[in-house]
Amino acid sequence: MSDAPTDLDLAPWIAAQRWYAAKGGGGPALRTLSTADDTRLVLDDAVTGPVLYQAPVVVHGGVIADATTDLEWIRGLTARIDADPSSLRPIGTVTGARVLSGEQSNTSVICDTDSGAQVIVKVFRVLHHGDNPDVTTQLALSAAGSERVPAVYGSLRATWPDSGRPEGVATGHLAVAQEFLPGLRDAWRVALDDARSGKPFDAEQLGTALAEVHEVLARVLPTAPADDAARRGALDTMHVRLAAAEREAPEAAAHVDAVRAVYARAEGGSWPDLQRIHGDLHLGQVLAAPEPRGWVFLDFEGEPLRPLHERSVPDVPLRDVAGMLRSFDYVAGALAHDADAVDASAWAQAAREGFLAGYERASGTDLHAHREVLDAFELDKAVYEVVYESRNRPDWVGIPLAAVARLVAGS
């Protein structure tokens, strides 16, 4: 095999990667669209729909290997990030690199640099036209001086042929480089340990931290009023999820009318202005850094099932609040399913109250005035969880079902 494998050579290698999206679809049918700057972009005309991959490779001894494992390729990538006009701070010379294991949709490479700093470079595998919110949101926060996200060094974009677009080309993000924070536990692990031992969780400061993130994003990125179209769009999505829950989880059917009533009240409720948000917030998306820094938020890609272009438009900040409230409930639910079961319901309620108090105080938002809307978003998240657990962990479906019953009764 030459140093430049053909699309036919590349197909079995791509099919074996964790980030390959069309598993079970008969194998990839590849067309290379671009090989600029040693970055190979290949289109898979899969039976499940076309997918564009970033698949840079090197060949050693006739064997294809992922270029993200090659130090020289990583050095070239970081040099291009440094040269990009949007970069905030130099990465410098990379002296060593290792791929972070366990990821499925992207590839992250931890880089040692000549300055002594460690940088994590996230290489996006599935590419889309448009801004990646994981880049633009964190870049905006970092540029504004916020320490509630890992400091961003810079990002890299590319342009590729796209016959489906009027101009014939598409553009999107290839990679982002940011501060690596080693040895930190995520808030999910901290919360599980605290709840198991009966220790109070620092939920109030977590609410304060989220309010700080929302304040910065509302200041530096576009906002919009929650007009009738925005409300209708959000509520239509909720009704679609509710219909799925009714089909897939018969236990949810008893609550459908009550859930619809909550959504109806939300339509006429008080909605905050729309702004950029996290979009998929839970305890696993937050790191516990030592004081004075405190909570640090990760992974601003938004809800995975939403199209990329929808994840960058202004959204309802209460969606993030609701996501975190559901995460506290899941801590209690997880501990109830342990071999040594623990009743953490009182812990979860205290965490919930502390989080809301911290968010209200720091944001100046009267959450009571938005009660109908927050209830609807929290209920929508619980309904989504009913469908997820029915498909993946039927033994856990009682966690969100209990939440649905509680929320419709208390709304």
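Heads up: the structure comes first, above all this text.
**Here we look at the packing of aromatic side chains**
Then step 1. Applying the stated criterion across every chain yields a total of ten aromatic pairs.
Then step 2. Look at Phe201 and Trp295: their rings are 5.5 Å apart centre to centre, the planes differ by 40 degrees, and that puts the pair in the tilted class. Separated by 94 residues along the polypeptide, Phe201 in the loop between α4 (187-197) and α5 (203-220) and Trp295 in strand β13 (residues 295-297) bring together distant segments of the chain. Grouping residues by exposure puts Phe201 and Trp295 together as buried.
Then step 3. Look at Tyr330 and Trp396: their rings are 6.4 Å apart centre to centre, the planes differ by 35 degrees, and that puts the pair in the tilted class. Residue Tyr330 is located in helix α9 (residues 318-336), and its partner Trp396 is located in the loop between α11 (371-392) and α12 (398-410); the two are separated by 66 residues in the primary sequence. A single burial state applies to Tyr330 and to Trp396, both of which are buried.
Then step 4. In this arrangement the basic side chain of Arg89 is found over the ring face of Tyr153, its NZ or CZ atom lying 5.8 Å from the centre.

**What about the pairing of strand β3 (residues 49-54)?**
Then step 1. The sheet contact formed by strand β2 (residues 41-46) and β3 spans six bridges and is antiparallel. Opposite Leu41, over in β3, you have Gln54 as the bridge partner.
Then step 2. Between β2 and β3, which follow one another and run antiparallel, lie two residues.
Then step 3. Inspection of the sheet shows β3 paired to strand β9 (residues 126-127) by two bridges, in the antiparallel sense. Residue pairing for β9: Tyr53 is matched across the bridge by Val126.

Rules of the game
- Throughout this description, residue numbers start from 1 for each chain and increase along the sequence as written.
- The predicted nature of this model means local features are confined to residues of pLDDT at least 70 and side-chain atom pairs, given and counted, to a pLDDT of 80 or more, with totals for whole chains, interfaces and linings taken over all residues.
- The side-chain numbers reported here are obtained from all heavy atoms of the structure, hydrogens and water having been left aside.
- Between rings of Phe, Tyr and Trp, where Trp is taken as its six-membered ring, a pair exists when centres lie within 6.5 Å; planes separated by under 30 degrees are stacked, by over 60 edge-to-face, and by other angles tilted.
- A run of H or I in DSSP becomes a helix once it reaches four residues, and a run of E becomes a strand once it reaches two; helices and strands are each numbered from the N terminus.
- The cut-offs for exposure are 20% and 50% of the maximum accessible area for each residue type, with area from a 1.4 Å probe on protein chains only; residues under the lower value are buried, those over the upper are exposed, and the others partly exposed.
- To sit over a ring, a charge needs its Lys NZ or Arg CZ within 6 Å of the ring centre and within 35 degrees of the ring normal.
- For two strands to be treated as a pair, DSSP must find at least two bridges joining them.

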